[in-house]
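Examining the three-dimensional arrangement
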Amino acid sequence: MKITRCWMFLSVILACCTNPLKDVEVQISTNIIHFSALLEVQDGNGNPLSDINVVVSGQDAEKIYTLGGTRNFNVQGGILTLGLHPDSDPEPGMELRFSIRLDKAGYLSQLISVYMMEGQEQQIIPVNMLPLASAPGGVAVATPGIPLQGGLLPAEVTISSGAQNGVAEETMVTLPGNTTFKDNAGVTIVGELLEATIIHVKPSNPAALNYFPGGSLISDNVIQAPNTAPVAGVFNPAALANVEMRIGSQEVKTFSQPVTIAMQLDPLFYNMTTGALVKAGDQLSIYSYETATGIWRFESMGTVVNISGQLTVVFQTDHLSWFQVCNFIGSCPNTQSFLLNGGWMTAGIKYSLTIEAMMANKVILTKKTDITTKDNIIKINRLPLTGTTIRIRNETGEILATHSLAGSCTPLTTITLNRPSVVNRKVTMQLYVRCPNKTAAVGVLPTFYLYYREARPTIDVSGYKLLGVVEKGYISTTMLTSGTVAYDFKAVWGDIVKYSHNKVVAADNSATVGEGEGEVIGVIDPQNNLEMLKEKCKEYGL
Amino acid sequence: MPTKHSHMQYRIAFLVLVCWIAATTGAQAQKNYYYKQPAKFFSKAITFSLGSQGVGVDLRLPFSEPAGVHFGASILPFSMPVNTSMGKYKVRSVMSAEMYNVHLVLDWAPFPHTESIMRKFTGSFGAAYFFKARTKVESKLRENYVYGEIVVSKEDVGTMRTEVTFKNMLAPYFSAGFQNIYVGEYTSFGLSAGAYYMSGAPQVNMSGTNLLEGNEVNAPVVERNMSSYRWWPVLQVNFNYEF
């Protein structure tokens, strides 16, 4: 029977000379990961950071890979790519969560919570790591040293972040005499010098607030003593400070007796409890935060007092960490969706937007995304129960919409985007890839993130803005001016970050990456690019 | 897809078949020469055929002493799995064909009065109209696909579908063989080998699902490779019931 079938088959495949599959190149798409997050790691001054130690943790951490499909997490050119294993795609109503810890010498560590949910396949999360030696305006950093006697503080000392770097307010720590210092295990540390780092962040400075622990004023990991189960909520900080101490190489975690912390409040703080600017006599919450755990813990309530003309909250603590004096507002239990419309938008064009959720004039969450007229719903979890405003900017920073949410936890809100002051003509870009020694271009093209900026010297790697997600090698945008302006481009594909400099775009652009005449292989390290192209082609059997 | 190896098998099998035809028809000639001596070589008969063009049924009518005509229809529905490779990937393909035609063929026995085997020899010429001429190949990976450290099951990789369709439906036909080989008083059988010539080149469509999306770019390549795929060999045996 089998022989008969073979004969029949051979007859149907009409006898001829050329193998029908000659030159056929079967390609398996690299778009295997459906849910991705891109962390844009910067120093707060617009400079991308690299050489960062990355640790992924949390309940869904084992499902997280790089966009290259590996577990080797690296920040390249300020970009950390994260992808969800395709077997773990979230079902509707389900949310996956994990944390990314970022450590870099000379920078304050960050622990970022990342959430993935159905309908939000791609997300871009800006992360700022504070450079301790060159903090930007709005952040005061002091590193006082205090002599000890065999690990004992002989007399009371008060150390301060100091009024500096655009911050008039200070955080002061008063250590009583005869205090000894303990490590995480409660063991007394012996040494002759106590080295302290006190950082005071001015909450009304938006750039400074980017260093807020966890990267967002929203947290789902807040323990409201005496309860022990974490709840979700949103902070409205009046003062924010980080206090760290070490003796030699050992980090101080607790003290033999309580120390006093006095935090001067931002005079522009809007107290959501009273509905007015902060004043003496107001009651505010005090929370502490451990970067190691990502947990905000309620410490106590504090009364605002006027000390020498500065509104201050004074409290005692026996441990070191981040501290904030704030309002705390509970989070909505449901996902809130935002439908973005604009009569000026053209079908098929990608518009890169920054979505800012705000409360009490502070940005509590920042998301970057691109939308089209069809794919135009943004989903956000854990927005505050009241007082939320959504602000939407375009890639140039122009505000296209500011929308206060009238209802509490409304599931779907439609927001109309105003026409930007400049709408360029449509520019399309199509990238083809041709493997060495092949005649045909690769048919299955990757999806990757594309950034742009107006051309600068190549040594400067800052200032790139998201152009959009290039799907299957194609993007259509109005963010570029064709014909006159030279741009630099940065492409992020899997673990690979590549730059292309000083390109003037036409209305319709197409280029083929390859080694042939008229093809593009790059001007920065072309030999390496060619090797990479060969390697990838070999990897995919092309 | 035919390989060099399968081409060789094809040729050997064809030679064996021809030898067998010669042997069997020769034996029948020795035995039945005086018994079956019709006035006309082709009798009025219903003919059932089985071969590489599928199964068919025809009405055969005598035309003159050495000539006749048969017309009818044949269908070839089949499906078979095969293991092949595409690029560096090992694939499992299920191939299926739907080749349905109606045909009209003139038969001619040039040597009906010789005493050798050649008295059974016939040549045929005609044409078929294919109201369906399509083959489909559905291919899936045989092994899981590994992307970095992520293992994607072969089912999740998807399916690649290749469809080869002959749009020009008219196909001239010719064959040679041996007919009127005695079975019984009213029954006989015949054997023939020939070919259809598909008058138009095949059109190829490819599509992929899941991670194989985008491979339709290969369709023009396959179409170019198959542009000279016109000859459809027909090997068949036919059983005739005379009335």
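Owing to the predicted nature of the structure, the values given are computational and were not obtained by experimental measurement.

**Considering the overall build of chain B**
- Regarding its fold elements, chain B presents three helices and twelve strands.
- Residues classed as buried in chain B amount to 47% of the 243 residues present.
- Within chain B, counting contacts between residues at least 6 apart in sequence, those at least 24 apart form 68% of the total.
- Split by element, the accessible area of chain B, about 11900 Å² in all, is 64% carbon and sulfur.

**A look at the pairing of strand β26 (residues 336-341) of chain A**
- Pairing geometry for β26 of chain A and strand β29 (residues 377-380) of chain A, over four bridges, is antiparallel. Residue pairing in the sheet places serine 337 of chain A in a bridge with lysine 379 of chain A of β29 of chain A.

**Thoughts on the packing of aromatic side chains**
Residue and element names in this part refer to chain A.
- Here the structure, examined in full by the defined rule, presents 25 aromatic pairs over all chains.
- An aromatic cluster is built from Phe212, Phe235, Tyr287, Tyr289, Trp296, Phe298 and Phe328, whose rings are joined through pairwise contacts.
- Over the ring of tyrosine 115 we find arginine 382; its NZ or CZ atom is 3.9 Å from the centre of that ring.
- Lying over the aromatic face of tyrosine 451, lysine 490 brings its terminal NZ or CZ to 5.4 Å of the ring centre.

**Focus on the state of the cysteines**
All names here are of chain A.
- Inspection of the entire model under this criterion finds one disulfide over all chains.
- Here cysteine 332 engages in a disulfide with cysteine 409; their sulfurs sit 2.0 Å apart. With the S-S bond torsion at -85°, the cross-link from cysteine 332 to cysteine 409 turns out left-handed. Separated by 77 residues along the polypeptide, cysteine 332 in the loop between β25 (322-330) and β26 and cysteine 409 in the loop between β31 (399-404) and β32 (412-416) bring together distant segments of the chain. The same class applies to cysteine 332 and to cysteine 409, which are both buried.

**Brief notes about the confidence of the model for chain A**
- Averaged over chain A, the pLDDT score is 87; the fraction of residues at 70 or greater is 87%.
- Below a pLDDT of 50 lies the segment residues 1-15 of chain A, which in the model reaches 38 contacts outside its immediate sequence neighbourhood of four places, other chains included.

**Some thoughts on the sheet that holds β32 of chain A**
Residue and element names in this part refer to chain A.
- Strand order in the open sheet made by the three strands is β29-β26-β32, with mixed pairing throughout. Looking at the sheet topology across the chains shown, the edges are occupied by β29 and β32. With strand direction ignored, the average angle separating the axes of adjacent strands in the sheet is 25°.

**Focus: empty space enclosed by the protein**
All names here are of chain B.
- In this structure the tally under the stated criterion is eleven cavities of 30 Å³ or more.
- Looking at the largest cavity, it is lined by 18 residues, and the ones nearest its centre are Arg60, His70, Tyr173, Ser192 and Gln236.
- Elements that contribute at least two residues to the lining of the largest cavity include exactly β1 (45-51), β2 (54-62), β4 (89-108), β5 (121-141), β9 (170-182), β10 (187-197) and β12 (231-242).
- Tallied by class, the residues present in the lining of the largest cavity amount to three nonpolar, twelve polar and three charged.

**What about the pattern of salt bridges?**
Residues and elements named next belong to chain A.
- Counted according to the given criterion, the structure contains 22 salt bridges over all chains.
- In this structure, the salt-bridge partner of arginine 453 is aspartate 488, at a minimum N-O distance of 2.9 Å. Of the two residues, arginine 453 sits in strand β34 (residues 448-454) while aspartate 488 sits in strand β37 (residues 486-493), which places them 35 residues apart along the sequence.
- Relative accessible area serves as the criterion here: at 0%, aspartate 488 is assigned to the buried category.
- A single salt-bridge network, built from bridges that share partners, covers Glu95, Arg97, Asp220 and Arg382.

**Some details on the pairing of β34 of chain A**
All names here are of chain A.
- The buried fraction of β34 amounts to six of the seven residues, a majority that puts the element mostly inside the structure.
- In this sheet, strand β35 (residues 465-470) lies alongside β34 in antiparallel orientation, the contact comprising five bridges. The residue of β35 that forms the bridge with tyrosine 452 is lysine 465.
- Where β34 meets β37, six bridges bridge the pair, whose relative direction is antiparallel. The residue bridging tyrosine 449 from the neighbouring strand is valine 492, located in β37.

**Remarks on the nonpolar core**
- By size, the foremost hydrophobic cluster in this structure holds 49 residues, and its most contacted members are Leu340, Ile390 and Leu417 of chain A.
- In terms of residues, this core owes the most to one element, strand β27 (residues 351-359) of chain A, which gives five residues.
- In contact with isoleucine 390 of chain A, other than residues within four places in its own chain, are Phe338, Ile355, Glu356, Ala357, Ile380, Leu383, Ala401, Thr402, His403, Leu405 and Ile415 of chain A.
- Leu67 and Ile79 of chain A together with Val204 and Met226 of chain B belong to the second-largest nonpolar core, a separate cluster that totals 37 residues.

Conventions and cut-offs
- Residues numbered from 1 in each chain as written.
- Chains lettered and ligands numbered in written order.
- Predicted model: local features only at pLDDT ≥ 70, side-chain atom pairs only at ≥ 80, totals over all residues.
- Heavy atoms only, no water.
- Helix = DSSP H or I, 4+ residues; strand = E, 2+ residues; numbered from the N terminus.
- Buried < 20%, exposed > 50% of the residue type's maximum accessible area, 1.4 Å probe, protein only.
- Contact = heavy atoms within 4.5 Å.
- Areas by Shrake-Rupley, 256 points an atom, 1.4 Å probe, with all protein chains shown as cover.
- Pairing = 2+ DSSP bridges.
- Phe/Tyr/Trp six-rings, centres within 6.5 Å; stacked < 30°, edge-to-face > 60°.
- Lys NZ or Arg CZ within 6 Å of the ring centre and 35° of its normal.
- Disulfide = S-S within 2.5 Å.
- pLDDT = per-residue confidence, 0-100.
- Axes fitted to C-alpha atoms, helices over the stretch in contact; angles between N-to-C directions.
- 1 Å grid on protein atoms, 1.4 Å probe; cavity = no way out; pocket = protein on both sides within 12 Å on 5 of 7 lines; lining within 4 Å.
- Points joined across faces, edges and corners; volume = space filled by probe spheres on them.
- Nonpolar A, V, L, I, M, F, W, Y, C, P; charged D, E, K, R; others polar.
- Salt bridge = Lys/Arg side-chain N within 4 Å of Asp/Glu carboxyl O.
- Core = buried A, V, L, I, M, F, W, Y, C linked by side-chain atoms within 4.5 Å.

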